[in-house]
Amino acid sequence: MSGDHRNPDYQVNSGSKTNDSHKHKDKHKDKEHRHKDHKKDKEREKTKHSNSEHREGRDSEKKLRDKEKEKQKHSNGSSDKHREKQKEKRRDEKVKPIHIDKPKRENENGYAREKSPPPIKSEPEDNGFDPSPKQKPTKRERDDEEFDCKPKKVKKEDEKKAKKRRQDYDDEEEEEDIKPKKKTKVKKGMEGKKPKKEEEEKWKWWEEERATDGSKWRFLEHKGPVFALPYEPLPLHVRFFCDGKQIKLSPPAEEVATFFAKMLDHEYTTKDIFRKNFFKDWRKEMTPEEKSKITDLNKCNFNEMSEHFKAQSEARKQMSKDEKLKIKEENERILQEYGFCLMDNHKERIGNFRIEPPGLFRGRGDHPKMGMLKRRIRPEDIIINCSKDSKHPKPPAGTRWKELRHDNKVTWLVSWTENIQGSIKYIMLNPSSRIKGEKDWQKYETARRLKKCVERLRTQYRDDWKSKEMRIRQRAVALYFIDKLALRAGNEKEEGETADTVGCCSLRVEHINLYPKMDDQEYVVEFDFLGKDSIRYYNKIPVEKRAFKNLQLFLENKQPEDDLFDRLNTSILNKHLQELMDGLTAKVFRTYNASITLQQQLKALTSPDDNLPGKILSYNRANRAVAVLCNHQRAPPKTFEKSMQNLQTKIDDKQKQLATSRKQLKTSKADHKASHDEKSKKAVETKRKTVQRIEEQLMNLQMQATDREENKQIALGTSKLNYLDPRISVAWCKKWEISIEKVYNKTQREKFAWAIDMAEDDFEF
DNA sequence: TAAGGCACTTAGCAATTACCCT
DNA sequence: AGGGTAATTGCTAAGTGCCTTA
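Residues numbered from 1 in each chain as written. Chains lettered and ligands numbered in written order. Predicted model: local features only at pLDDT ≥ 70, side-chain atom pairs only at ≥ 80, totals over all residues. Heavy atoms only, no water.

**Remarks on the overall build of chain A**
Here comes step 1: Tallying secondary structure elements over chain A gives 22 helices and 15 strands in all.
Here comes step 2: The buried share of chain A, taken over its 765 residues, is 48%.
Here comes step 3: Here the contacts in chain A between residues at least 6 apart in sequence split such that 72% fall between residues at least 24 apart.
Here comes step 4: For chain A, the accessible area works out to roughly 39900 Å², and carbon and sulfur atoms hold 51% of it. (Helix = DSSP H or I, 4+ residues; strand = E, 2+ residues; numbered from the N terminus. Buried < 20%, exposed > 50% of the residue type's maximum accessible area, 1.4 Å probe, protein only. Contact = heavy atoms within 4.5 Å. Areas by Shrake-Rupley, 256 points an atom, 1.4 Å probe, with all protein chains shown as cover.)

Listed below in structure tokens is the structure:
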């Protein structure tokens, strides 16, 4: 199907951790072997693309180039090197309206919601969601599907269910924000059991209607957040020295000092910026006297504090079982009290109900603010969001909330403003909750809609490579990258506030190199930049000729620190995408390409003859292909080499064992040949079985080793959790009769309960 | 139309827990 | 039992994208 041929390209990317970043390019080479399998396809694609090149367009290209040059001269005569200035340059091109009649969303405020996942297509296969064998669509079709819409096959709602649902709604909508009814509302008809009042067994929210008015809930009640433990001053014997002299710190200064002391072993504390930021903030907490005595961080001695905390954590490990149990019980109690809320008649798990404790900010990568003090959050900083008529959470005695509001257009329960970036933090529900699940489902449905029109979009952006307008060419090439390489959109960031990282639209000239010829390949682009979380993206990849030519054009007369796409930003790109498909944004491509890759790879790699471990290996490899595509890396586990060795030892042992037992089999065969009696025959059989068993065990171990080795620097979790339509995995499990536990752990099963319940073995993304 | 605010998703690593072996 | 490793969970930073405001 569409896009298949592109898949192999995804394998090419490899990368390594930032920190040692640019020095270690070679490192990437040894990963290359992983991609061997796909060489052939790559070849195929190459030919395909070069065939499709035309020569026309050359001249127009040159003209464009000149024109753009002109423009540049005029607009900012000097060779301003800085990207800031580039921003000013966009505009003056002709506005050429794009003619795609774009159906207006019926609800302008964007809150429009449907029952079931958002724009649920009325595709037949979309609907296999019912636990019952027959499909019963819970969805209503959207009336605004453009292109990609096939004749809609609207199924009638299961009468009973529909009625019931409607009733539920009516009940509640009348009096809005009604008190939660004591009776739990659970699938009444189904199972015919009365709901257990406590754990209303597994609510299937995905079988219910969704609000259409933009409200996220009708009733919300919770107990508020759990605050960080108050600071406990150090015992007297733990001393602090500055310049060799002991100083008894005031509690506020001491608290901040302990933050530093706790991190002493970390590399962070050796970094200049970290130390500078820390010291500056620390001094703010000092008394005047302390301030005058402590003027140089280098003269501060935190060792006793550090030792104290190490001893403390040691002691914690040594605690008796009883003590540990007690702590566990206490935690459980807090979880029960604060870890759940009541939302629209259902008890739902809260994601993070604890307020972040104070400490030193640790950014990722080269963060200008590392080491700054993250201040303690007090009730006075907290905004509570809940139903007007719910039992409001009480602030701790003697305090008050900053604000109590009742906004059901948002999903958060608690928020506060953090002091490092000034951004807002939230307490929200767990991924297993209805409110998160619906959104997740909707995300995959959007990606599936993209699948239906992606070829059209690809044709279009290839076409746009020939546009007379620079901004259109840039947009088209950027989109090509986003599609082909699954790059992130790349919003602008405020300089100096965060680490210098980029995504597609914010790529700079210095982040790519062009090679018209490289070894046996043509039009190779080399990417090397830091992406989200300062993870390095490094990739050398051949691109289509016309894209390459455009890139050359974009680079002309630019300095390394200039924007590659100086006439583009994410908002322009997304506006364009929105016109091409309802709900389309740059990030949908990542979801789409990730999911489609998983599906294809599963199809390609799973062999019916493989045993269970073999199939799991295939699954992990398919998952891995996606992780590589999305550049989801991890630091190799500290104990990696060792654990590999251990496994190898096991394998060696197993091999010896196998050799022995093969020998035994041989002897027993010989015995049998000699005696021909029943007993020896049986012995042969047993031996044969043993050999077989050991062989299998050996194979499994080897498979495990391969899997682990291949996974050394690759993180599978992120894609599994955020990019892969869970229904693909569920379907795969059903198809090969593999239990879902092999693929999803408990948390994952909870998050994807909707998919596990609704996907059948024939689900197609 | 740029800048900033806000809400929500995505991300890697640290801490904790589960599990296995001796 | 306990010690070490692997798997899971928790934490919170860092993105995306939409909306509002100046």
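Read on for the rest.
**Quick look at the protein's contact with DNA strand C**
Here comes step 1: Of all residues adjacent to DNA strand C, which total 30 residues, the nearest are K425, G490, K642, S643 and T747.
Here comes step 2: Taking all atoms of DNA strand C within 4 Å of the protein, the share assigned to sugar and phosphate is 88%.
Here comes step 3: Here a phosphate oxygen of DNA strand C sits 3.3 Å away from a polar atom, N or O, in the side chain of H367.
Here comes step 4: Sorting the residues of the surface near DNA strand C by element identifies α15 (586-605) and α17 (640-675) as the ones contributing at least two each.
Here comes step 5: When grouped by side-chain class, the residues that make up the surface near DNA strand C number 4 nonpolar, 13 polar and 13 charged. (Near = heavy atom within 4 Å. Polar contact = N/O pair within 3.5 Å; in protein donor to acceptor, adjacent residues only side chain to side chain. Nonpolar A, V, L, I, M, F, W, Y, C, P; charged D, E, K, R; others polar.)

**Points about the pairing of strand β6 (residues 346-349)**
Here comes step 1: Of the two faces of β6, only one is covered, namely that formed by H346 and E348; the face formed by K347 and R349 stays uncovered.
Here comes step 2: Between strand β5 (residues 340-343) and β6, which pair antiparallel in sequence order, lie 2 residues; one of them, D344, sits at a positive phi of approximately 45°. (Pairing = 2+ DSSP bridges.)

**Thoughts on the sheet that holds strand β14 (residues 521-530)**
Here comes step 1: One open sheet accounts for 3 strands, arranged β13-β14-β15; its pairing is antiparallel. Across the chains shown, the open sheet's two edge strands, defined by having one partner strand only, are β13 (512-518) and β15 (536-542). Recorded for the sheet is a direction-independent mean angle of 15° between the axes of neighbouring strands.
Here comes step 2: Bridge count between β13 and β14: 6 bridges; the pairing is antiparallel. Following the sheet pairing, N513 is matched in β14 by E526.
Here comes step 3: On the sheet, helix α12 (residues 470-485) packs against β14 and β15 and is oriented at approximately 100° with respect to β15. (Axes fitted to C-alpha atoms, helices over the stretch in contact; angles between N-to-C directions.)

**Section: the environment of K615**
Here comes step 1: Position of K615 among the secondary structure elements: in helix α16 (residues 612-629).
Here comes step 2: In sequence terms K615 and W736 are 121 residues apart; their C-alpha atoms lie 8.5 Å from each other.
Here comes step 3: What K615 contacts, discounting residues up to four positions off in sequence, is T606, S607, P608, D610, W732, W736 and I738.

**Thoughts on unusual backbone geometry**
Here comes step 1: Residues other than glycine seldom take positive phi values, yet A486 does so here, at roughly 55°.
Here comes step 2: With respect to the helices, strands and loops of the structure, A486 is situated in the loop between α12 and β13.
Here comes step 3: Judged by relative accessible area, A486 falls into the buried class, the value being 1%.
Here comes step 4: Within the chain, D519 stands out as a residue other than glycine whose phi angle is a positive 50°.
Here comes step 5: Of note, D519 is situated in the loop between β13 and β14.

**Examining the sheet that holds β5**
Here comes step 1: Strands sit in the order β1-β5-β6 across an open sheet of 3 strands; the sheet is antiparallel. Bordering the open sheet on either side are β1 (220-221) and β6, each of which pairs with just one other strand.
Here comes step 2: Summarising the sheet, β1 and β5 pair through 2 bridges and their orientation is antiparallel. Residue pairing across strands places L220 opposite M343, the latter belonging to β5.

**Focus on the packing of helix α6 (residues 251-262) against helix α9 (residues 303-318)**
Here comes step 1: Look at α6 against α9: their axes get within 9 Å of each other, and the N-to-C directions meet at 70°. By the angle between their axes, α6 is roughly perpendicular relative to α9. Where α6 approaches α9, its residues A257, T258, A261 and K262 are matched on the opposing element by M305, S306 and F309.
Here comes step 2: In terms of residue class, the contact of α6 with α9 is made up of 4 nonpolar, 2 polar and 1 charged. (Parallel < 35°, antiparallel > 145°, perpendicular 65-115°, else oblique.)

**Comments concerning the nonpolar core**
Here comes step 1: By size, the foremost hydrophobic cluster in this structure holds 82 residues, and its most contacted members are L450, F481, F527 and F565.
Here comes step 2: Not counting residues within four places of it along the chain, the set of residues in contact with L450 comprises L457, M581, L584, V588, F589 and Y592.
Here comes step 3: One finds F260, F279, I294 and F309 within the second-largest nonpolar core, a separate group that totals 28 residues. (Core = buried A, V, L, I, M, F, W, Y, C linked by side-chain atoms within 4.5 Å.)

**Looking at α9**
Here comes step 1: With 16 residues, α9 ought to run about 22 Å at 1.5 Å a step, and its terminal C-alpha atoms sit 22 Å apart, in line with that.
Here comes step 2: Within α9, the full set of buried residues consists of M305, S306, H308 and F309. Buried residues in α9, looked at end-on, bunch into an arc of 160°, giving them a common side. Among the exposed residues of α9, those oriented more than 90 degrees off its buried face are K317 and Q318.
Here comes step 3: Buried residues along α9 sit in contact with α6. (Expected span 1.5 Å × (residues − 1). Arc of directions from axis to C-beta.)

**Some points on the environment of S607**
Here comes step 1: Tracing the chain through its elements places S607 in the loop between α15 and α16.
Here comes step 2: With 11 residues separating them along the chain, S607 and S618 place their C-alpha atoms 8.4 Å apart.

**What about the packing of aromatic side chains?**
Here comes step 1: Tallying each qualifying case throughout the model produces 27 aromatic pairs.
Here comes step 2: Seen from their ring centres, Y523 and F548 are 5.2 Å apart, and the 55° between their planes marks the pair as tilted. Here Y523, found in strand β14, pairs with F548, found in helix α13 (residues 545-555); they are 25 residues apart in sequence, far enough to count as distant. Here Y523 and F548 have matching classes, each one buried.
Here comes step 3: Site record: aromatic cluster; members linked through ring pairs are Y461, W465, Y480, F481, F527, F529, Y537, F554 and F565.
Here comes step 4: Lying over the aromatic face of F309, K262 brings its terminal NZ or CZ to 4.7 Å of the ring centre.
Here comes step 5: A cation sits over an aromatic face here: K347 above F340, 4.7 Å from the ring centre. (Phe/Tyr/Trp six-rings, centres within 6.5 Å; stacked < 30°, edge-to-face > 60°. Lys NZ or Arg CZ within 6 Å of the ring centre and 35° of its normal.)

**Quick look at the environment of I616**
Here comes step 1: You can see I616 is positioned in helix α16.
Here comes step 2: Through-space distance from the C-alpha of I616 to that of D707 is 9.3 Å; in sequence the pair is 91 residues apart.
Here comes step 3: Contacts of I616, omitting those with residues within four sequence positions, involve W732, I738 and K742.

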